[in-house]
Amino acid sequence: MSHEVGPELRARVEQIREALDRGADRFEPAVADRARADLDRVLERLDLGVDHSVVALVGGTGSGKSSTFNALTTLQFADVGVIRPTTSQATACVWGPQAEKLLDFLQVAKERRILRESALTGSDEADLHGLVLLDLPDHDSVATGHAELVNRLLPLIDLLIWVVDPQKYADNALHEGYLRELQDRHEAMLVVVNQVDTLTDAGKEAVRVDVGRLLAEDGIGDVPVMLASARTGDGIAAVRDHLRSVLRTESIAARTARDEIAAIARRIGEGLGESEPAIPAPTETADSLAEAAGVPAVAQAIETAVVSPTPVVLSSVQRPARSRIDAIRESWLATTTAGLPARWRAAVVSSVASAGDFFEHASAALEGVPQPSSRDQSAARQRLLGLIALIVGIVAVVVGAILLTQSTGLGIGVAAGGVLVTIVGLVLVLAARSRRRRTAAERAERYRRDVTDAVARVVKNDLDEPATAILADHQSVRSSVSGS
Ligand SMILES: Nc1nc2c(ncn2[C@@H]2O[C@H](COP(=O)(O)OP(=O)(O)OP(=O)(O)O)[C@@H](O)[C@H]2O)c(=O)[nH]1
Ligand SMILES: [Mg+2]
């Protein structure tokens, strides 16, 4: 195998476990419990090691499984005998890292294990790194006395090599009962017709065709057939090539674990939203609240009052209607929980301030903003000054006019002065007016802003922050579960 996937899959299991912990009761307890149990099972599988590919030699007694095992391993480890059946317990050869747990699980006796690729043996075996080759007892012995082994082995088999003998393959039922379970996985099978040294060239071809026919009759005609002789070594290299090709893909155990993890993640994912809903901007909500409390009207009244040259008494801000504040909170919740599954929605709802508390806090914030003064004192002073100047100026003009009719030389001067003072007075009055307008607009605006800020703080504390924490959990859980 090109790289070890065991640690990667283990990390993925941990990642999902942490997501379950973090999501806690926001997952359906039954779903979470099942996921945890499934993850435990995957871990057990991973504990066996998934970075080995398991290849088993099976077949009728005397077909040459043990001989083929020895030819493939270039060791004389498996017993080859004349007394049938010879092999009564499984024998294993391991290339690369030890596979002790796996072999324990398969109940291969310690003394029936051999490590092929080690520091001492040459690197010519490195191409089979990660392979576990098993020599099994014959079909009949397996069927009668090794049911447990078969049950444990079948899900772990990456390649099943049927070793058949050219004389007996037809009655050696290629379709033995326990092998039938593997029929869905044609790609994981190979038929080796052994002992071809006993055949003529024509005989070899005839056997190949006949075995192919039998396989086709069984509906597994795509299973490759190879001819070999464990005795002469003929065709063994081709079998080894096939083993190498098996090693190029992930082991079935790894793929199964990966599929199981994906299925677990998918089931958990059903309890999550596809994304996190966007929380409305606090100022937006604050604006709605201010509006519900009649703040725009109050601001308008402030503006009108300040603009007015005569004093106006402002009415104080009214408490908003509870129903309107509740409605704003509800609509905020609807937006903030949109698309979330029920449990996450409930988590958001219970994290935020209750309707009663929110109403109290929002009302207090509204009432807490002081209303500005409705008078602009300096503009009033300026206006008064202007009015006095106007009166003085007009009086001067009148006096000047009277003096003029009496041909007094002073008349021109007084009248001219009067006009000047009148103009100054007019300018002062007009300037005072525009100053009041400016002040009015500023005060109304500041009041609106202060109210919005105060209410926005309530929205942030009561709604925004608690909900943000839940949505952050959701996001983190979601990305852990999806493995991104
Ligand atoms: N001529 C010839 N004989 C072979 C070949 N392979 C194995 N044999 C002989 O066939 C007999 C059985 O070989 P084994 O390897 O023990 O067969 P097995 O399938 O392991 O048999 P069991 O363990 O009883 O199931 C032995 O006498 C081998 O010497 C071969 O390629 N050519
Ligand atoms: Mg044998």
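Residues numbered from 1 in each chain as written. Chains lettered and ligands numbered in written order. Predicted model: local features only at pLDDT ≥ 70, side-chain atom pairs only at ≥ 80, totals over all residues.

(A) A look at the overall build of the protein chain. Scanning the protein chain from terminus to terminus reveals 17 helices and 7 strands. Counting only C-alpha atoms, the protein chain reaches 160 × 45 × 45 Å along its principal axes. Counting only residues that meet the buried cut, the protein chain has 39% of its 484 residues in that class. Look at the contacts in the protein chain between residues 6 or more apart in sequence, and 80% of them connect residues 24 or more apart. (Helix = DSSP H or I, 4+ residues; strand = E, 2+ residues; numbered from the N terminus. Buried ≥ 20, exposed ≤ 12 C-beta atoms within 10 Å, placed from the backbone. Contact = placed C-beta atoms within 7 Å.)

(B) Quick peek at the packing of helix H11 (residues 282-292) against helix H17 (residues 410-482). It is the contact of H11 with H17, at a shortest axis distance of 8 Å, that shows an interaxial angle of 120°. Considering how the two elements wind past one another, H11 and H17 form a crossing that is right-handed. Contacts from Pro282, Thr283, Thr285, Ala286, Asp287, Leu289 and Ala290 in H11 reach Val451, Thr452, Val455, Ala456, Val459, Lys460 and Asp464 in H17. Taken together, the residues of the contact of H11 with H17 sort by class into 8 nonpolar, 3 polar and 3 charged. (Axes fitted to C-alpha atoms, helices over the stretch in contact; angles between N-to-C directions. Left-handed = near helix turned anticlockwise from the far one by under 90°. Nonpolar A, V, L, I, M, F, W, Y, C, P; charged D, E, K, R; others polar.)

(C) Layout of unusual backbone geometry. You will see that Thr74, though not glycine, has its phi angle at about 50°, which is positive. With respect to the helices, strands and loops of the structure, Thr74 is situated in the loop between helix H3 (65-73) and strand S2 (91-94).

(D) View of the domain arrangement of the protein chain. With domains assigned, the protein chain is organised as domain 1 (51-249) and domain 2 (282-482). Here domain 1 and domain 2 have C-alpha centroids that lie 89 Å from each other. (Domains from an automatic or database assignment.)

(E) Region of the structure containing helix H14 (residues 342-351). The set of residues buried in H14 consists of Trp344, Arg345, Ala347 and Val348. The buried residues of H14 occupy an angular sector of 155° when projected down its axis, which confines them to one face. Exposed side chains of H14 directed beyond 90 degrees from the buried face belong to Ala342 and Ser350. On the buried face of H14, the contacting elements are helix H13 (322-336) and H17. (Arc of directions from axis to C-beta.)

(F) How the structure looks around the site of ligand 1. Near ligand 1 you find 24 residues, and of these Gly64, Ser66, Ser67, Thr87 and Asp138 are the closest. Considering only residue class, the shell around ligand 1 consists of 5 nonpolar, 14 polar and 5 charged. (Near = placed C-beta within 6 Å.)

(G) The arrangement of the pairing of strand S1 (residues 53-58) in detail. Across the 6 residues of S1, 6 count as buried, placing the element largely inside the fold. Residues of S1 alternate between two faces, with Ser53, Val55 and Leu57 on one and Val54, Ala56 and Val58 on the opposite face, all of them buried. With 5 bridges connecting them, S1 and strand S5 (residues 157-164) associate as parallel partners. Residue pairing for S5: Val55 is matched across the bridge by Leu159. (Pairing = 2+ DSSP bridges.)

(H) Examining the sheet that holds strand S4 (residues 131-135) more closely. What the 7 strands build is an open sheet, ordered S3-S2-S4-S1-S5-S6-S7; its pairing is mixed. Both outer strands of the open sheet, strand S3 (113-115) and strand S7 (225-227), are each paired with one neighbouring strand and no more. Strand-to-strand twist across the sheet, computed as the mean angle between neighbouring axes with direction ignored, equals 20°. Of the strand pairs in this sheet, S2 and S4 are connected by 4 bridges, and their pairing is antiparallel. Counted as the bridge partner of Ala92 is Leu134 from S4. Each of S1, S4, S5, strand S6 (189-193) and S7 is contacted by helix H9 (residues 236-248), which is oriented at about 145° to S1, the strand it contacts most.

(I) Spatial organisation of the nonpolar core. Among the nonpolar cores identified, the biggest contains 73 residues, and Val55, Ala56, Val132 and Leu134 are the most heavily contacted of them. Ala56 has contacts with Leu134, Leu136, Leu153, Ile157, Leu160 and Ile161, leaving out every residue within four places of it along the chain. Residues Ala299, Val352, Tyr447 and Leu471 belong to the second largest nonpolar core, which totals 37 residues. (Core = buried A, V, L, I, M, F, W, Y, C linked by C-beta atoms within 7 Å.)

(J) Representation of the pairing of S6. Where burial is concerned, most of S6 is hidden: 4 out of the 5 residues are buried. With 5 bridges joining them, S5 and S6 adopt parallel strand pairing. Residue pairing in the sheet places Val163 in a bridge with Val192 of S6. Across 3 bridges, the pairing between S6 and S7 is parallel. Bridge assignment links Val192 to a residue of S7, and that residue is Met226. Between the parallel pair S6 and S7, the chain is carried across by helix H8 (residues 201-217), and the sense of this crossover is right-handed. (Right-handed = clockwise from strand over helix to strand, strands pointing away.)

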